[in-house]
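Structural features, examined
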Amino acid sequence: MELSKSELKRYSRHLLLSEVGIEGQLKLKNASVLIVGLGGLGSPLAMYLAASGVGRLGLIDNDVVDASNLQRQVIHGTSDVGRLKNDSAKEKLKEINPEITIEQYNEALTSKNAMAIMANYDIVADGTDNFQTRYLVNDACVLLGKPNVYSSVYRFEGQASVFWAKKGPCYRCLFPNPPAAGSVPSCAEAGVLGVLPGVMGMLQSTEVMKLILGKGSSLIGRLLLYDALEMRFSEIKLKQNPDCKVCGKTPEIKELIDYDEFCGIKKPKENLLEEDALLENWESNEAMPPRVLSGLIKQNHDLFLLDVREPYEHQICHIKEATLLPMSQIADSLEDLPKDKDIVVMCHHGSRSKVVIDYLKQEGFNSLFNLEGGIDRYALEVDTSLERY
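Summary of the structure given here.

Rules of the game
- Residues numbered from 1 in each chain as written.
- Predicted model: local features only at pLDDT ≥ 70, side-chain atom pairs only at ≥ 80, totals over all residues.
- Heavy atoms only, no water.
- Axes fitted to C-alpha atoms, helices over the stretch in contact; angles between N-to-C directions.
- Helix = DSSP H or I, 4+ residues; strand = E, 2+ residues; numbered from the N terminus.
- Parallel < 35°, antiparallel > 145°, perpendicular 65-115°, else oblique.
- Left-handed = near helix turned anticlockwise from the far one by under 90°.
- Contact = heavy atoms within 4.5 Å.
- Nonpolar A, V, L, I, M, F, W, Y, C, P; charged D, E, K, R; others polar.
- Pairing = 2+ DSSP bridges.
- Buried < 20%, exposed > 50% of the residue type's maximum accessible area, 1.4 Å probe, protein only.
- Right-handed = clockwise from strand over helix to strand, strands pointing away.

1. Re the packing of helix 3 (residues 21-30) against helix 10 (residues 196-213)
Contact geometry of helix 3 with helix 10 gives a least axis separation of 9 Å together with a crossing angle of 110°. Overall, the two elements helix 3 and helix 10 adopt an arrangement that is roughly perpendicular. Relative to helix 10, the crossing made by helix 3 is right-handed. Across from G24, K27 and L28 in helix 3, the residues of helix 10 making contact are M209, I212 and L213. Counted by class, the contact of helix 3 with helix 10 contains four nonpolar, one polar and one charged residues.

In structure tokens:
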């Protein structure tokens, strides 16, 4: 395979680099990379790999573009709101570089399809934002012998590494077990500086290209940390864990598992029931499904609905029966909360409300419930007129 005349012109700045040249550009052209997720990380990752001439890109994402994505997911534009991210991304990538091949998977990556999809690519780049998919990508990469180019972001901080069990540690060597469900706020809960995923996604694309070219020192065995507020990079040395359950000397995990269960994510089985039947069958516990709350509201159950989000979030959408009291004000407003009623606490996705519930328990409140999935899930399952963000 040779470079065409148009490719020679397009990649001329690469060809001037002795570390790349025609031989290296052909390596890029012959390479294939699967990009998991087309959000904040996947956007710059895909754009730079396309521009650089990686010959075949696989895109897997089943989400649609939302207006709240546009602050950081730069591959999508205002006119793309409501479109599949996969379609929006493919259109932009083809505009960036029509010379490459793009393969779409308009589906979620699961234990059922991961091995078959990932087996078709040289490198997997993880641009996801949830723990169950990170463990899924890691385990599948270990079982397939593929490098996993990883990054994650949180507020003003990011981290990146290359996990490749053939040459170093895997993700499980660093994080053997996931944090308790809901204990780590997502970007939707905690926020993220818009440019941060751009920085980390470009670092990922750099690591992918170095692996393809076989040049430089990769992040295998190193966790790169970035603090945007302090504009500081640092790193931690990583070692392979001989007791790792997937890449250790005597691995326990030899096939993909149920990652929702592993990460403590409850599956919404209650959706199979009508609301009345759901109320009858619901076993009262701290986690209250949205449709249970809806049924209790309709029955005029004596509830106190406590919304602990910020005022600007409340302006976007709210349940009219709920009282707004931001989490930061709870400690100074305990006398305003009834101890003789069932209190249902809600936030955007359920993380902040869990923190508030744990605090209220310490303060002597007993009948507390967390709206499962927060107001976002309530908007999906109960009241579709509520604006999502």
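2. Quick notes on the sheet that holds strand 6 (residues 157-163)
Spatially, the eight strands line up as an open sheet ordered 3-2-1-4-5-6-7-8, and their pairing is mixed. Strand pairing shows two members of the sheet lacking a second neighbour, strand 3 (101-105) and strand 8 (232-237), which therefore form its edges. Each adjacent strand pair in this sheet contributes to an overall mean axis angle of 15°, direction not counted. Contacts from helix 4 (residues 42-52) reach strand 1 (32-36), strand 2 (56-60) and strand 4 (123-126), with the element oriented near 165° to strand 1. Packed onto the sheet, helix 5 (residues 85-96) meets strand 2 and strand 3 and runs at close to 175° relative to strand 3.

3. Looking at the pairing of strand 1
Extensive coverage of strand 1 is indicated by the burial of five of its five residues. Residues S32, L34 and V36 line one face of strand 1 and the alternating positions V33 and I35 line the opposite face, and both faces are buried. Pairing geometry for strand 1 and strand 2, over five bridges, is parallel. Bridging across to strand 2, V36 finds its partner in I60. Taken together, strand 1, helix 4 and strand 2 form a β-α-β motif whose crossover is right-handed. Pairing geometry for strand 1 and strand 4, over four bridges, is parallel. Bridge assignment links V33 to a residue of strand 4, and that residue is I123.

4. Section: the pairing of strand 8
Alignment of strand 7 (residues 222-227) against strand 8, held across six bridges, turns out to be antiparallel. Bridge pairing links R222 to K237 in strand 8. Hairpin geometry of strand 7 and strand 8 is characterised by an intervening segment of four residues between the two adjacent antiparallel strands and by a positive phi of about 50° at M231.

5. So, helix 13 (residues 290-298)
A large share of helix 13 lies buried, amounting to eight of its nine residues. Of the residues making up helix 13, those classed as buried are P290, R291, V292, L293, S294, G295, L296 and I297. Two residues or fewer after helix 13 comes N300, characterised by a positive phi angle close to 60°.

6. With respect to the environment of V199
With respect to the helices, strands and loops of the structure, V199 is situated in helix 10. Owing to a relative accessible area of 24%, V199 belongs among the partly exposed residues under this scheme. Between the alpha carbons of V199 and R291 there is a distance of 40 Å; along the sequence they are 92 residues apart.

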